[in-house]
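Remarks on the overall topology
Listed below are the residues making up each chain.
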Amino acid sequence: MTAPALLDQIRESGAVPRHVAIIMDGNGRWARERMLPRPLGHRSGMKSVREVVEASLEAGIEVLSLFAFSQENWQRPPVEINALMSLLEEYIQKEADDLEEQGVRVRVLGETERLAPAAREAVARVTQQTAHNRKLTLNLFISYGSRAEIVRAARRVAEEVQAGTLRPEQVDEAAISARLYTADCPDPDLLIRTSGEQRISNFLLWQLAYTELHISPVLWPDFGRSNLFEAILDYQNRDRRFGRVPV
Ligand code: IPE
Ligand code: IPE
Ligand code: MG
């Protein structure tokens, strides 16, 4: 089915997920299949990012969270890390104006202190430039690890309790959620992982408690509009029970 036909079907099927999260995986394998160096796989994955952002706007998704670089990814060879950081800067440079015009609010979530100064500046620029936008929030998770995020939230809670601004009995689920990077976002309704891997890889462990999972065999550089729309249709056919009995 073509992308416009899939979009029509989505509109007929009812509510779209408010928040879609994607583990963008398979760039390296895409490159290897073509006997290309891995960084070219990452470069090719940039056009998938562009397409998925446009498709999210078309479908009416409110929040798109993309896992671009994990804390564990710092253990990759320096040439690959450098290539990924340059691509981040290039993406921001090339896309910032379009994103701004399309009504996209861009944020970079993770331990951004670890990024090189040039990358940090690019991040600060696009964050500021698009801060007023509300059509779509694009969360780019970079240097992100979910366990570290939870530890950071727990440390903040401990500090506030010690300072006397928070009482132990006020520490509940909402108190933790409010201290995560995603504090102002609803939990993801749909998580997509590309390249067929069936694991979470330390992404949004807290927030994914009741998220629907969609594993796509497609490698990230080949993932486009139609693949996103198919994942949304798959989501629309799920029966979300949240532990209750079916209605
Ligand atoms: C995903 O592609 C991008 C990042 C993790 C940065 P990979 O680089 O993990 O590609 P594979 O899994 O080796 O194919
Ligand atoms: C997860 O992919 C991280 C990102 C997509 C940024 P990885 O390729 O790093 O995950 P593993 O190593 O296969 O679990
Ligand atoms: Mg991978």
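Attention here is on the structure that accompanies the text. (Residues numbered from 1 in each chain as written. Chains lettered and ligands numbered in written order. Predicted model: local features only at pLDDT ≥ 70, side-chain atom pairs only at ≥ 80, totals over all residues. Heavy atoms only, no water.)

Quick look at the layout of surface pockets now. Left-over empty space is what a probe sized like a water molecule reveals as it rolls over the atoms. In this structure, the largest pocket encloses a volume near 690 Å³. In terms of lining, the largest pocket is formed by 30 residues, of which the most central are Met 24, Asn 27, Phe 67, Ala 68 and Phe 69. Where the lining of the largest pocket is concerned, the elements lending two or more residues are α2 (27-33), α3 (38-59), β2 (63-70), α4 (78-102) and β4 (136-144). (1 Å grid on protein atoms, 1.4 Å probe; cavity = no way out; pocket = protein on both sides within 12 Å on 5 of 7 lines; lining within 4 Å. Points joined across faces, edges and corners; volume = space filled by probe spheres on them. Helix = DSSP H or I, 4+ residues; strand = E, 2+ residues; numbered from the N terminus.)

For the structure shown, the criterion picks out 23 salt bridges. Arg 238 is the partner of Glu 212 in a salt bridge, and the nearest nitrogen-oxygen pair spans 3.0 Å. Linking Glu 212 in strand β6 (residues 212-215) with Arg 238 in the segment after α8 (225-236), this pair joins segments that are 26 residues apart in sequence. (Salt bridge = Lys/Arg side-chain N within 4 Å of Asp/Glu carboxyl O.)

What follows covers the nonpolar core. Counting 50 residues, the largest nonpolar core has Ile 22, Val 53, Leu 64, Tyr 91, Leu 138, Leu 228 and Phe 229 as its most contacted members. Looking at this core, the element that brings in the most residues is α4, giving nine residues. Setting aside anything within four residues of it in sequence, one finds Leu 138 in contact with Val 53, Leu 64, Leu 66, Tyr 91, Leu 99, Val 104, Arg 105, Val 106 and Arg 107. (Core = buried A, V, L, I, M, F, W, Y, C linked by side-chain atoms within 4.5 Å. Buried < 20%, exposed > 50% of the residue type's maximum accessible area, 1.4 Å probe, protein only. Contact = heavy atoms within 4.5 Å.)

Turning our attention to the side chain of Asp 189. Among the structural elements, Asp 189 can be located in the loop between α7 (173-177) and β5 (190-193). Among the polar contacts made by the side chain of Asp 189, one reaches the side chain of Arg 240 at a distance of 3.0 Å. Ignoring any residue separated from it by four or fewer positions in sequence, one finds Asp 189 in contact with Pro 17, Arg 18, His 19, Thr 211, Glu 212, Tyr 235 and Arg 240. (Polar contact = N/O pair within 3.5 Å; in protein donor to acceptor, adjacent residues only side chain to side chain.)

So, about the site of ligand 1. Inspection of the region around ligand 1 gives 13 residues, with Asp 25, Gly 28, Arg 29, Arg 38 and Arg 76 positioned closest. Within the contact set of ligand 1, an oxygen atom lies 3.4 Å away from a backbone nitrogen or oxygen of Gly 26. Considering ligand 1 on its own, with 380 Å² of exposed area, one finds that the protein chains cover 87% of that surface. Because more than half of its atoms lie within 2 Å of the grid, ligand 1 is assigned to the largest pocket. For the shell around ligand 1, the secondary-structure elements that each account for two or more residues are α2, α3 and α4. By residue number, the principal contributor to the shell around ligand 1 is α2, which donates three residues. Its residues placed into classes, the shell around ligand 1 shows three nonpolar, five polar and five charged. (Near = heavy atom within 4 Å. Areas by Shrake-Rupley, 256 points an atom, 1.4 Å probe, with all protein chains shown as cover. Sits in = over half its atoms within 2 Å of the grid points. Nonpolar A, V, L, I, M, F, W, Y, C, P; charged D, E, K, R; others polar.)

What follows concerns the site of ligand 2. Near ligand 2 the following residues occur: Ile 23, Met 24, Asp 25, Phe 67, Ala 68, Phe 69, Ser 70, Asn 73, Arg 76, Arg 193, Arg 199 and Ser 201. A distance of 3.3 Å is found between an oxygen atom of ligand 2 and a side-chain nitrogen or oxygen belonging to Arg 76. Take Arg 199: an N or O atom from its side chain is 2.8 Å from an oxygen atom of ligand 2. For ligand 2, whose free accessible area comes to 390 Å², the fraction covered by protein is 78%. Put simply, ligand 2 lies in the largest pocket. Ranked by residues supplied to the shell around ligand 2, first place goes to β2 with four residues. A breakdown of the residues in the shell around ligand 2 according to their chemical character gives five nonpolar, three polar and four charged.

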